Amino acid sequence: MSGKNNWEDPEKLSKQVGATLRSIRKERNLSLADLAERTDVSNLTLGKIERGEANPSLTIIWKIANGLAIPISSLLAEKQDVVISRKHEGQKVLSANESLVLEPMFNMKGYGSLETHRAFLEPNSKYSADAHQQGVIEYITVMEGRVNVRVQDGIYELEMYDSIKFQADQDHAYINPDSVGAVLHFVMIYTQA
């Protein structure tokens, strides 16, 4: 069974994220103004996202997830019994500067939540992430290339197959110092989800 999903079409992605966001907002009895205040995303932008008229960047999705204290996969998840995640065929979320393409893969709920992502970092580029919600832990493994990870003021150099773990509720960045792209595998644990 090949099973193409909604994530191969940006318009379907926008509609899925919008419908999910509207559902979460209504479930929590929040107005658009309440949500805007919690997320630091304008009413206008949130309304466009909910209507499926805007394709939010990774930065906007993080702001929404952080403001609602939910994993980003909660906004992106499709409900299926068996899921295969193939590179470049599933969900894709671009960073605002297009230096990073994030492909959310899987998520699990239980004590806290866990999600996995595949990421492609462009050559000679940097993706800076704002602090995530409190209690988020990131585990990163470099699958191809070389990446420097900045956590607050520390820089950690990672070669292929090296891994790092850190509290992601602080500013951090991923830097590709090379002229070839890098591939990262993320495991994110939400201890307070």
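No experiment lies behind these values; they were computed from the predicted model shown. (Residues numbered from 1 in each chain as written. Predicted model: local features only at pLDDT ≥ 70, side-chain atom pairs only at ≥ 80, totals over all residues. Heavy atoms only, no water.)

Looking at helix α3 (residues 43-50)
Phase 1 of the analysis: For α3, every residue scored as buried is listed here: Leu46, Gly47, Ile49 and Glu50. Taken end-on, α3 shows its buried residues confined to a sector of 160°, consistent with a single buried face.
Phase 2 of the analysis: Among the residues trailing α3, Gly52 stands out with phi positive, at a value near 75°. (Buried < 20%, exposed > 50% of the residue type's maximum accessible area, 1.4 Å probe, protein only. Helix = DSSP H or I, 4+ residues; strand = E, 2+ residues; numbered from the N terminus. Arc of directions from axis to C-beta.)

With respect to the sheet that holds strand β7 (residues 154-158)
Phase 1 of the analysis: If you walk across this open sheet you meet the four strands as β4-β9-β6-β7, and the pairing is antiparallel. Unpaired on one side and paired on the other, β4 (125-129) and β7 mark the two borders of the sheet. Neighbouring strand axes in the sheet, compared pairwise and without regard to direction, differ in orientation by 15° on average. (Pairing = 2+ DSSP bridges. Axes fitted to C-alpha atoms, helices over the stretch in contact; angles between N-to-C directions.)

Let's talk about empty space enclosed by the protein
Phase 1 of the analysis: What the rule picks out here adds up to one cavity of 30 Å³ or more.
Phase 2 of the analysis: Around the largest cavity, the lining is made up of 13 residues, and of these Trp62, Leu102, Tyr127, Glu138 and Phe186 lie nearest the centre.
Phase 3 of the analysis: Elements with a minimum of two residues in the lining of the largest cavity: α4 (58-68), β2 (100-110), β4, β9 (172-176) and β10 (182-190). (1 Å grid on protein atoms, 1.4 Å probe; cavity = no way out; pocket = protein on both sides within 12 Å on 5 of 7 lines; lining within 4 Å. Points joined across faces, edges and corners; volume = space filled by probe spheres on them.)

With respect to the environment of Lys87
Phase 1 of the analysis: As for its position among the elements, Lys87 is in the loop between α5 (73-76) and β1 (93-94).
Phase 2 of the analysis: Among the residues examined, Lys87 registers a relative accessible area of 56% and is labelled exposed.
Phase 3 of the analysis: When the C-alpha positions of Lys87 and Ala119 are compared, they lie 9.5 Å apart, and in sequence the two are 32 residues distant.
Phase 4 of the analysis: Not counting residues up to four positions away in its chain, the partners in contact with Lys87 are Glu103, Arg118 and Phe120. (Contact = heavy atoms within 4.5 Å.)

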